[in-house]
Amino acid sequence: MTLLLKYPYIFAIIPFAIVIVIAYFLDAFPKSSVLKKFLDLIAEKDLGKLMIKAGLTNTSVVSYQILRVGLAFMVILILFVFGGIGKDDIILAVGIWLAMYKLLYVFLLIKERNRINKLNQELPYCIKAVSYLCYLYPVNNAFEKSIDYVPEVFKYDIETLVKDIDEDPLTFAPYKKWIDRYEGKLTLLDGCLRNLYRMSSSTSKEQDKHLANLNSSLSAETRRVRKAKNDSINSTITWLGMIPVLLLATMLIVLIVVVVGAL
Amino acid sequence: MDKYRNVLIIQAVLIFVAISVILFVIYSEKKQKKKIVKRRNIYSNFPLRSLVTIFAASLGVTLFLNSVENNTITSVMVFSLLMFLLPYALLNNQERLLREAIFDDVILYCQNMAMLLKQSHNAYSSLKKVQEDLQTSLADDVAALIAALDNGREATIESMAIIEKNYPYTCIQNLDVIILHMQFEHANINDSLIMLLQEDIDALEKDVRDNKIKRRILRIQYIFITAACFVTYWFFIKQIRPSFADGFEKEIFKVGNAVYILSTLVSLFFVDRYFNSTTTKE
C-alpha cells in the first residue's frame, strides 16, 4: 500500500497492462507489430526451441534459467554493495534485475540471428554444389552425391532430404520439410528447392532451362554474399583507420585540460 | 607524493602493456598453424642488409619521437617495440605477396583446367599440362594429385581434400567435383558445366582483384593518416611543452606522450597485420 501511495501512477498502468496481456494471449495483435514483438520478448515463448536455434544444444533450459537468475542477482548485489542502491530504491533494483534477466534472452535472439545470417551466406555454395552434380546425374542422385561437397552446416539437411525423397520421391513434401525447418528464414532456399523439384520431374530440354535459371540466381547470390563479406572487411579497415585520429583527439583534449588546469 | 606514485604506476602499466603485446604477438604467431614463411627465429628470415635497415628505421623513429618526448623509458620501449614488431610486419607483408601469387596461380590453374577439360575431356592429361605452368606451392600439390589419380579414388579424394584445405576457394572445390567424376565415374561432362565453372572463376577473380585494390588504397590512407597524426601531435606538443611546469604536470605530460606513441605504433602494426591477412580471401 505504501508502494502504491509512493508511486500512484501504478493505479493507471495496472488495468492497462491487464488488457494488453489478455489481448496478447488471445492473439489479437498483428504478427508484424512492434508491440507483439515486444510482448513476445517479455513472454519468452519456446525458450528451449530458441536455445536450439541459437546453437546451444548442449545446455538445458533449466540450467540456462538458473544462470540468468543468478547473474541478475549478482549484478543487484554488486550494485547494493558498491553502487549505493538502498532499500528505498526497490523499483529501480527490480527494473535492473529484469533488464539483466532479459539481456541473456536478447543474447539468444542475437545468436539465432547470427546463425541464420551465416546459413544464408553458406546456402548458395551448398546449392551450387548440388547444381554442378545435376549436370552429371538426375536430381535425386545429385543430392545424394553432394553430401561430401556441401558446407558442414547443411550436411544433416541434405542427408535428411535424401532419406525423405527415398520415401516419397514424387511430391514436393521432402523439400517443404527442409524449408519449414528454417521457418522461411533462408531467403534463397524456397526458390532453389522449387527449381530443383521442377527439374526432377521434367524433360532434359526443360532441365537445361531450369538449371540455367538456377545457376544464374545462384551466381548472383554468391557474388552478393562475397560482396557483403568484403564490404564488412573494408569497413573494418576504414573504422580502424579512425584509431590514430581518435587517439590524437583524446590526447589533445587531455593535454589541453591539464594545461588549462595548470594555468 | 601520491600523484608521483600514480604516475609511476601508470609508467609500470605501460611497460606491462608493451610486454603483453610482445608476448601476445609471439603467442598468436605460434598458434597460427598455416604459415607460408617459416619463423623459427624471427631475425633469421632476413639477410644482414634488411636487419640493418630495420635497426636504422627503429633508431630513426625513436630519435624523432625523442625530440617530442625526451624520456629514456619511453625511448627504450619504443625502440624495443619497433625492433620486435618491424620484422613481423615485414614478414606479414612477404606472406601477403606470396598469398597474392598463390591466388594468381589458383586462377590460372582453374581457368586452364576448364579450357583443357572442354577440349580433351581427359582429367589426367589436363592436370599434367597445367602443372607445368604453375609457379608456387600449388604446383607440388597438383603433382601429388596427379600421382594420387594413379592410386585410385580414395587417394585422389585425400589429395583433393589437402588442396581444398590449402587453397580454400570454391572454384577449386567445383573443379575437384568435375575431375573426380570424369576420372572415376566416366561421367559425360557437357560444355554448359565447363562454361558455368569458367563464369564462376571469372567472377571470383574480378571480385578478389577489385577488393585487393580497394584494400591497398585503404592501407595507404591509414598509413598517411597515422603519419599526419604523429606530425600534428609533434607540432602541438612543441607549442604547449613550455606551459608545463616541472613536477607533476610534466610527469603527466611524459606519460601521456608515451601512451599516445605506443598505442599508435601498436595499432598500426595490428591494422597492417589485419590488412595483410585478408587481401585474397574469397
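Residues numbered from 1 in each chain as written. Chains lettered and ligands numbered in written order. Predicted model: local features only at pLDDT ≥ 70, side-chain atom pairs only at ≥ 80, totals over all residues. Heavy atoms only, no water.

(A) Expanded view of the overall build of chain A. Check the secondary structure of chain A and you find twelve helices and zero strands. Its helices and strands taken in sequence order, chain A reads α-α-α-α-α-α-α-α-α-α-α-α from the N to the C terminus. A globule of 263 residues ought to have a C-alpha radius of gyration of about 18 Å, yet chain A, at 27 Å, is considerably larger. Residue burial in chain A is summarised as follows: out of 263 residues, 37% are buried. Taking as baseline every contact in chain A between residues at least 6 positions apart, the subset at least 24 positions apart corresponds to 58%. For chain A, the accessible surface area stands at approximately 15,600 Å², while carbon and sulfur atoms represent 67% of it. (Helix = DSSP H or I, 4+ residues; strand = E, 2+ residues; numbered from the N terminus. Rg over C-alpha atoms; globule rule 2.2 N^0.38 Å. Buried < 20%, exposed > 50% of the residue type's maximum accessible area, 1.4 Å probe, protein only. Contact = heavy atoms within 4.5 Å. Areas by Shrake-Rupley, 256 points an atom, 1.4 Å probe, with all protein chains shown as cover.)

(B) Quick look at helix H5 (residues 137–151) of chain B. Residue and element names in this part refer to chain B. With 15 residues, H5 should cover 21 Å at 1.5 Å per step; its first-to-last C-alpha distance of 22 Å lies within 8% of that length. Those residues of H5 not exposed but buried are Leu-138, Ala-139, Asp-141, Val-142, Leu-145, Ile-146, Ala-148 and Leu-149. Tucked into the core, H5 has its buried residues touching helix H3 (72–120), helix H4 (123–131), helix H6 (153–166) and helix H7 (170–184). One or two residues past the end of H5 sits Gly-152, with phi positive at roughly 110°. (Expected span 1.5 Å × (residues − 1).)

(C) Focus on the interface of chain B and chain A. Listed as interface residues are 50 residues of chain B and, on the opposing side, 34 residues of chain A. Among the residues of chain B in contact with chain A, Leu-196, Tyr-274 and Glu-282 of chain B are the three that bury the most area, contributing 13% of the side total. Across the pair Asp-200 of chain B and Lys-128 of chain A runs a salt bridge, and its minimum N-O distance is 3.2 Å. Our count for the contact surface shared by chain B and chain A stands at eight residue pairs in polar contact (both at pLDDT 80 or more). Counting residues per element, the ones that place at least two in the side of chain B that touches chain A are H7, helix H8 (191–240) and helix H9 (248–278) of chain B. The biggest single contributor to the side of chain B that touches chain A is H8 of chain B, with 22 residues. Of the residues contributing to the side of chain B that touches chain A, the split by class is 25 nonpolar, 16 polar and nine charged. (Buried area = accessible area lost by both parts, 1.4 Å probe. Salt bridge = Lys/Arg side-chain N within 4 Å of Asp/Glu carboxyl O. Polar contact = N/O pair within 3.5 Å; in protein donor to acceptor, adjacent residues only side chain to side chain. Nonpolar A, V, L, I, M, F, W, Y, C, P; charged D, E, K, R; others polar.)

(D) The state of the cysteines, seen in detail. Residues and elements named next belong to chain A. Across all of its chains, the model carries zero disulfides over all chains by this definition. Its sulfur unpaired, Cys-126 is 9.3 Å from the next cysteine sulfur, which belongs to Cys-192. By relative accessible area, Cys-126 is classed as buried at 0%. (Disulfide = S-S within 2.5 Å.)

(E) Seen up close, empty space enclosed by the protein. Tallying each qualifying case throughout the model produces two cavities of 30 Å³ or more. Reported here for the largest cavity is a volume of approximately 110 Å³. Surrounding the largest cavity, Tyr-125, Lys-128, Ser-219, Thr-222, Arg-223 and Arg-226 of chain A together with Thr-170, Cys-171, Asn-174, Asp-200, Ala-203 and Leu-204 of chain B form its lining. Among the secondary structure elements, those contributing two or more residues to the lining of the largest cavity are helix H6 (90–134) and helix H11 (204–240) of chain A together with H7 and H8 of chain B. For the lining of the largest cavity, the element with the most residues is H11 of chain A, which contributes four residues. (1 Å grid on protein atoms, 1.4 Å probe; cavity = no way out; pocket = protein on both sides within 12 Å on 5 of 7 lines; lining within 4 Å. Points joined across faces, edges and corners; volume = space filled by probe spheres on them.)

(F) Inspection of the side chain of Asp-105 of chain B at higher detail. Residue and element names in this part refer to chain B. By secondary structure assignment, the location of Asp-105 is in helix H3. Put simply, Asp-105 is tucked away with no salt bridge, and the nearest opposite charge, on Arg-209, sits 9.8 Å away. Filtering out sequence-adjacent residues up to four positions away, Asp-105 remains in contact with Leu-134, Gln-135, Thr-136 and Leu-138. (Lys, Arg positive; Asp, Glu negative; His and termini not counted.)

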